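Each chain, written out:
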Amino acid sequence: MNSLIAVAYLTGLSYAATMDCVGTISSLSDVAEAVKCTTVNINSFTVPGGQALTLNLLQGTTVNMQGDVTFGVANWDGPLFTVSGNDVTCAFSQAGTVFSEAKFINNLLVPVNGNGHKFDGNGPSYWDGLGGNGGVVKPAPMMKIKISGLYEGVTVVNSPARTYSVSNPGPLTMTGLTIDNSLGDQPNSQSDGKPAGHNTDGFDCSTEDLVISNSNIHNQDDCLAINKGSNITFTGNTCTGGHGISVGSISTGATVDNIQITNNKIINNDQALRIKTKSDATGASVTGVTYSGNTATGCREFGVIIDQSYPSTLGTPGNGVKISGINFTGATSNIAVASSADRVAVNCGSGSCTGSWDWSSLKVSGGKVGPITGFNGITGFSQ
Ligand SMILES: *[C@@H]1O[C@H](CO)[C@@H](O)[C@H](O)[C@H]1NC(C)=O
Ligand SMILES: *[C@@H]1O[C@H](CO)[C@@H](O)[C@H](O)[C@H]1NC(C)=O
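Residues numbered from 1 in each chain as written. Chains lettered and ligands numbered in written order. Predicted model: local features only at pLDDT ≥ 70, side-chain atom pairs only at ≥ 80, totals over all residues. Heavy atoms only, no water.

Visitor: Help me out: how do you make sense of the pattern of salt bridges in this one?
Guide: When the charged atoms of two side chains with opposite charge come close together, those side chains can pair. The final tally for this structure, using the stated rule, is 6 salt bridges. As a salt-bridge pair, Asp 270 and Arg 300 come within 2.8 Å of each other at their nearest N and O atoms. In this pair, Asp 270 sits in the loop between strand E20 (265–267) and strand E21 (271–278) while Arg 300 sits in the loop between strand E23 (295–299) and strand E24 (302–310), placing the two residues 30 residues apart along the sequence. Across the salt bridge formed by Asp 342 and Lys 368, the nearest N and O atoms sit 2.8 Å from each other. Residue Asp 342 is found in strand E27 (residues 342–347), and its partner Lys 368 is found in the loop between strand E30 (362–365) and strand E31 (372–373); the two are separated by 26 residues along the sequence. Judged by its relative accessible area of 11%, Asp 342 falls in the buried class. Taken together, the shared-partner salt bridges in this structure form one network comprising Asp 222, Arg 274 and Lys 276. (Salt bridge = Lys/Arg side-chain N within 4 Å of Asp/Glu carboxyl O. Helix = DSSP H or I, 4+ residues; strand = E, 2+ residues; numbered from the N terminus. Buried < 20%, exposed > 50% of the residue type's maximum accessible area, 1.4 Å probe, protein only.)

Right, dumping it as structure tokens:
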């Protein structure tokens, strides 16, 4: 009897899986039915505080956003939005977006006038200048992306703390995205004169086979942080206001290799480009990070910093993370730093930075000469 029920149940599932239906989500109670379809449309609605919008999608699903989704406020861990599935296309309509795949256009209400569609995390209701380091509990990350395929045209505003965590099960391109936490630059009544937004990382990635491109990120922490992984490309993005583009912080056992950071614009960040490894980490490595065609202006502290003393800055470095193959090649990377900033700082542990690093296409202007200690393998560059 039990096995008969199981068979009927499985048959039902596979029938649903092959149905070419359109699911519509206008409240959380619609989700369970909607995700049985391979087209899922999301209308404008509010997710109650303390609850999440979680989409476990069938293979080949296309998601269309047709309105704004706002998350109510509650002091819990989140995430607020999770999407998982293989070969999923998430095409989120925005004003002015031309859908790249014609099949969407027939069954999609393209907004005629106006407002782009977005996920609103209600950040100002949480921000206290402390981020994940204290104060009220803030949902983080706000957005958890566990799909392969394409994720495109999504706007996120006001994330309570970290914005995206990406752990794709297969190749994924995330493109044409906006993260706008610019309101967090201002102090509020809780933040003691400091910017109210804190730890609002753009993308935290521990993954492989990922491209993030042509996106705008305005925040108060790392624009990109690669904690481990391989074959990650970050290209054509604009990072404003935060802590620049980071590999790290690297912990015990983490490996990072084959990373391309190209043609990004970095505006008014603490530093443009950084590799940070924990001083107490062991058995870890960073191999093969290539930078080309990046431009930065208004770097407040450093142009480029490679530092093995995290969480200190230019403190006593550890040597348990091997770093090799860090190159500036191809198109010139032009980095301009503030007058009080260091142009380049490198702080390697004993014997842990190795090989020859070709920095012939790096140009850094303004500021002052920074310390380069523990490594003398940089070629083609002097500050
Ligand atoms: C690298 O990532 C891209 C994009 O995700 C993927 O298409 C490609 O197959 C990957 N290459 C390797 C060598 O894994
Ligand atoms: C970095 O440059 C060095 C020196 O030219 C070269 O030996 C190495 O293969 C390069 N690494 C990568 C990942 O391109």
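Visitor: I'm lost on the nonpolar core in this one. Help?
Guide: One broad trend across soluble globular proteins is that nonpolar side chains are buried collectively. Core analysis: the largest hydrophobic core is formed by 83 residues, its most contacted members being Phe 119, Tyr 151, Tyr 164, Met 174, Phe 203 and Trp 359. Taken together, domain 1 (1–158) and domain 2 (222–383) each give at least three residues to this core, which thus spans both. Not counting chain neighbours up to four residues away, the residues in contact with Trp 359 comprise Val 304, Ile 306, Ile 326, Asn 327, Phe 328, Val 344, Val 346, Ile 378, Thr 379, Gly 380 and Phe 381. (Core = buried A, V, L, I, M, F, W, Y, C linked by side-chain atoms within 4.5 Å. Domains from an automatic or database assignment. Contact = heavy atoms within 4.5 Å.)

Visitor: Honestly, the side chain of Thr 207 in this entry has me stumped. Any pointers?
Guide: For Thr 207, the location among the structural elements is in strand E14 (residues 203–213). Thr 207 sits in the buried class, given a relative accessible area of 6%. There is a polar contact of 2.6 Å between the side chain of Thr 207 and the side chain of Asn 168. Thr 207 has contacts with Val 166, Ser 167, Asn 168, Lys 228, Gly 229, Ser 230 and Ile 232, leaving out every residue within four places of it along the chain. (Polar contact = N/O pair within 3.5 Å; in protein donor to acceptor, adjacent residues only side chain to side chain.)

Visitor: What's the story with the site of ligand 1 in this structure? I'm lost.
Guide: Pro 171, Leu 172, Asp 209, Leu 210, Val 211 and Asn 231 make up every residue found near ligand 1. Between Asp 209 and ligand 1, the recorded distance is 2.8 Å, taken from a backbone N or O atom to an oxygen atom. Within the side chain of Asn 231, a nitrogen or oxygen atom sits 2.5 Å from an oxygen atom of ligand 1. Taking 370 Å² as the accessible area of ligand 1 by itself, protein coverage stands at 46%. If one sorts the elements of the shell around ligand 1 by residue count, E14 sits on top with 3 residues. Class assignment for the residues of the shell around ligand 1 results in 4 nonpolar, 1 polar and 1 charged. (Near = heavy atom within 4 Å. Areas by Shrake-Rupley, 256 points an atom, 1.4 Å probe, with all protein chains shown as cover. Nonpolar A, V, L, I, M, F, W, Y, C, P; charged D, E, K, R; others polar.)

Visitor: It is not clear to me how the sheet that holds strand E13 (residues 178–180) should be interpreted in this structure. Could you clarify?
Guide: Through backbone hydrogen bonds, the strands of a sheet pair up, either in parallel or in antiparallel fashion. Read across the sheet, 11 strands follow the order E3-E6-E8-E10-E13-E15-E17-E20-E23-E26-E30 without closing on themselves; strand pairing throughout is parallel. Each end of this open sheet is capped by a strand with a single partner; those strands are strand E3 (45–47) and E30. Across this sheet, the average inter-strand angle for adjacent strands is 15 degrees, counted without regard to direction. (Pairing = 2+ DSSP bridges. Axes fitted to C-alpha atoms, helices over the stretch in contact; angles between N-to-C directions.)

Visitor: Hey, could you run me through the side chain of Ser 246 in this one?
Guide: Relative to the elements of secondary structure, Ser 246 occurs in strand E18 (residues 245–250). Note on Ser 246: relative accessible area 0%, which makes it buried. A distance of 3.1 Å separates a polar atom in the side chain of Ser 246 from a polar atom in the side chain of Asp 222.

Visitor: Where do I start with the environment of Ile 323 in this structure?
Guide: Relative to the elements of secondary structure, Ile 323 occurs in strand E25 (residues 321–328). For the pair Ile 323 and Gln 308, spaced 15 residues apart in sequence, the C-alpha to C-alpha distance is 9.5 Å. Excluding residues within four positions of it along the chain, Ile 323 makes contact with Ile 275, Thr 277, Val 286, Ile 306, Gln 308, Ser 352, Cys 353, Thr 354 and Trp 357.

Visitor: It is not clear to me how the UniProt feature "active site" (unreviewed entry) in the chain should be interpreted in this structure. Could you clarify?
Guide: Using the residue numbers shown here, the UniProt feature "active site" (unreviewed entry) corresponds to His 243. Along the chain, His 243 falls in the loop between strand E17 (238–240) and E18. Here His 243 is in contact with Gln 220, Asp 221, Asp 222, Asn 269, Asp 270, Gln 271 and Arg 274, once residues within four sequence places are set aside. (UniProt positions renumbered as here; feature names shortened; annotations may be inferred.)

Visitor: Hey, could you run me through the packing of aromatic side chains in this one?
Guide: The description of an aromatic ring pair uses the distance of the two centres, along with the angle that the planes make with each other. Under the counting rule described, the total for this entry stands at 10 aromatic pairs. Judged by centre distance (5.8 Å) and plane angle (85 degrees), the rings of Tyr 151 and Tyr 164 are edge-to-face. Highlighted residues: Tyr 151 in strand E9 (residues 143–152) and Tyr 164 in strand E11 (residues 164–166), separated in sequence by 13 residues. Across the pair, exposure class does not vary: Tyr 151 and Tyr 164 are buried alike. Connected via pairs of aromatic rings, a cluster forms that spans Tyr 291, Phe 328, Trp 357, Trp 359, Phe 375 and Phe 381. (Phe/Tyr/Trp six-rings, centres within 6.5 Å; stacked < 30°, edge-to-face > 60°.)

Visitor: Would you explain the state of the cysteines in this entry?
Guide: Between two cysteines, a covalent bond joining their sulfur atoms is known as a disulfide. For the structure shown, the criterion picks out 3 disulfides. Through a disulfide, Cys 21 is tied to Cys 37; the S-S separation comes to 2.0 Å. One quick way to see it: the torsion about the S-S bond of Cys 21 and Cys 37 is about -110 degrees, and its sign makes the bridge left-handed. A residue pair is termed long-range when its members are at least 10 positions apart, and Cys 21 in the loop between helix H1 (2–18) and strand E1 (22–25) and Cys 37 in the loop between helix H2 (31–34) and strand E2 (39–42) qualify at 16 residues. The class for Cys 21 is buried, based on a relative accessible area of 18%. (Disulfide = S-S within 2.5 Å.)

Visitor: I'm lost on the environment of Ile 245 in this one. Help?
Guide: Note on placement: Ile 245 falls in strand E18. Classification of Ile 245 by relative accessible area gives buried; the value is 2%. For the pair Ile 245 and Ile 275, spaced 30 residues apart in sequence, the C-alpha separation works out to 8.6 Å.

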